[in-house]
Amino acid sequence: MANTRRMQGASAGNSGVDISSLHPMVSGTLWAMCVANSDGYGGQGSTTNTSIFTQVGSGTNWAMIAGVDRFWTAIKDDGSMWSCGWGSSGKLGTGSNSSVSVPTRVGTGTDWAKVAVGTNHGAALQKNGSLWTWGSNTSGSLGLGHTSYKWSPVQVGEDGQWIDAFCGHDCTFGIDADNKLFSWGDNAQGELGIGDLYHRSSPVQVGSLENWKMVSSGRQQFSYGTSIAIKTDGTMWTFGQANHYSTGGNASSSSPIQLGSDTNWSSCRAGSTENKMTVLALKTNGYLYSWGENEYGTTGSGDVTNPVSNPLTQVGSGGGWTEPFGVGSFYASGAIQSGALKRWGYNLSSGSLGIGVTTGGGYSNPTAVSLGGTDWVRFQGMYRGGLAIRT
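Residues numbered from 1 in each chain as written. Predicted model: local features only at pLDDT ≥ 70, side-chain atom pairs only at ≥ 80, totals over all residues. Heavy atoms only, no water.

Student: Run through the pattern of salt bridges, naming residues and quoting values.
Tutor: Enumeration over the complete set of coordinates arrives at seven salt bridges. Between E210 and K180 there is a salt bridge; the shortest N-O distance is 3.9 Å. Of this pair, E210 sits in the loop between strand 14 (200-205) and strand 15 (212-219) while K180 sits in the loop between strand 12 (171-176) and strand 13 (181-185), and the two are 30 residues apart along the sequence. Beyond isolated ion pairs, a larger network of salt bridges with shared partners links D39, D69 and R70. (Salt bridge = Lys/Arg side-chain N within 4 Å of Asp/Glu carboxyl O. Helix = DSSP H or I, 4+ residues; strand = E, 2+ residues; numbered from the N terminus.)

Student: Go over the state of the cysteines, please, and point to the residues and values.
Tutor: The final tally for this structure, using the stated rule, is zero disulfides. The thiol sulfur of C84 is not disulfide-bonded, and the nearest other cysteine sulfur, from C34, lies at 8.9 Å. C171 provides the cysteine sulfur closest to C167, a residue in no disulfide bond, and the two sulfurs are 8.2 Å apart. (Disulfide = S-S within 2.5 Å.)

Student: Break down the nonpolar core for me, with residues and values.
Tutor: When a protein is soluble and globular, its nonpolar side chains tend to lie buried together. Core analysis: the largest hydrophobic core is formed by 43 residues, its most contacted members being L131, F173 and M236. Per-element tally for this core: the top contributor is strand 11 (residues 162-167), with five residues. In terms of nonpolar packing, the next biggest core, distinct from the first, is built from 15 residues, L30, V56, W72 and W82 among them. (Core = buried A, V, L, I, M, F, W, Y, C linked by side-chain atoms within 4.5 Å. Buried < 20%, exposed > 50% of the residue type's maximum accessible area, 1.4 Å probe, protein only.)

Student: Could you give an account of the sheet that holds strand 6 (residues 100-105), naming the residues involved and the relevant values?
Tutor: As summarised here, the arrangement of the four strands in space is 3-4-5-6, forming an open sheet in which the pairing is antiparallel. Because the sheet does not close on itself, it has two edges, and the strands there are strand 3 (62-68) and strand 6. Recorded for the sheet is a direction-independent mean angle of 15° between the axes of neighbouring strands. Here strand 4 (residues 71-76) runs beside strand 5 (residues 81-85); their pairing, made up of five bridges, is antiparallel. Note on strand 5: the bridge partner recorded for W72 is C84. (Pairing = 2+ DSSP bridges. Axes fitted to C-alpha atoms, helices over the stretch in contact; angles between N-to-C directions.)

Everything listed here is a matter of geometry and, on its own, says nothing about what the molecule does.
Shown next, in the form of structure tokens:
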């Protein structure tokens with residue numbers, strides 16, 4: 001079986017590894033919108049709300065974004081890393097737990113290659129395959145062998161050990177140089193996939209296979225953690241709590257269970273929308289699919305009331321969807337189709353979807369944002385807003 005993500009000579013302690021080719025970057029302008037900007041994640045130096053995507057600063061070298069709730073972290077094409085928004089628990093990685101309303105530098109490094117954020121913590125990879133975590137350490141989500149919070153990035157393991165990292169709600173996942181999947185942190189619902197319900201403060205391998213590509217983990221507001229993973233052979237797997245249709249019909253399990261028999265899954269996102277779950281998944285043919293509780297139309301299936309359990313329920317019409325895409329909190333989703341940024345789900349009367357509509361209610365069909373354009377290349381759903389890059 002071909003493995004497109006294995007790095008030649010990549011092994012723990014190999015300082016000659018360069019994983020940057022596994023995480024392609026763009027170079028563009030950064031845009032944000034939010035109608036609940038009390039923590040300043042809009043990046044404008046204020047807490048003013050906006051229902052229209054507005055450029056953050058004047059820079060044209062934003063390359064990668066990761067956000068959740070009311071904060072985000074991003075990487076520029078020079079390898080520097082920046083954070084903005086709600087700073088409690090040190091989740092911004094800036095050495096402080098204060099909120100900031102303009103992008104603020106995380107350390108002085110210029111070799112960051114990938115960033116991911118969870119509800120209260122972050123994880124990032126440097127080009128040499130080293131993994132760093134920061135923020136809240138509830139249940140051991142930082143992977144450091146203890147539960148003390150860290151306000152600045154701290155290394156997990158060795159240089160050359162890791163090729164990818166993903167964050168969930170108080171849990172973290174890492175893929176090592178042999179494509180083995182490891183997890184740590186909160187495991188109350190089996191969302192770590194390690195066969196039990198015990199929390200872990202250090203990385204533990206998920207099963208014994210070596211062909212994992214990615215994982216996304218979501219948690220409803222009060223409980224029910226679910227993880228969705230994809231292997232390099234294009235198969236999809238679920239573990240954690242099966243509630244509100246989050247596992248696409250699979251049963252609850254603390255170990256991975258294959259979902260269906262398709263072998264052309266490319267990417268997935270499991271997102272928490274208040275106290276409900278929505279999953280988006282992309283196939284290699286560019287078609288986007290979804291399942292979950294679907295309150296207010298978060299699955300984009302054209303229906304605002306009926307839950308969706310079938311993982312072959314298509315989002316919108318046609319292909320051309322690209323990753324990354326996102327499920328933001330407060331019942332809203334979004335993705336890019338043929339360069340156009342589209343949103344769906346619950347729209348507050350203040351215009352929280354950014355589609356130029358101030359009529360509250362559910363919008364179950366993907367609708368282009370009011371700014372229009374076909375130059376959108378990155379998107380991340382946020383709390384009553386969103387973050388995006390344009391080229």
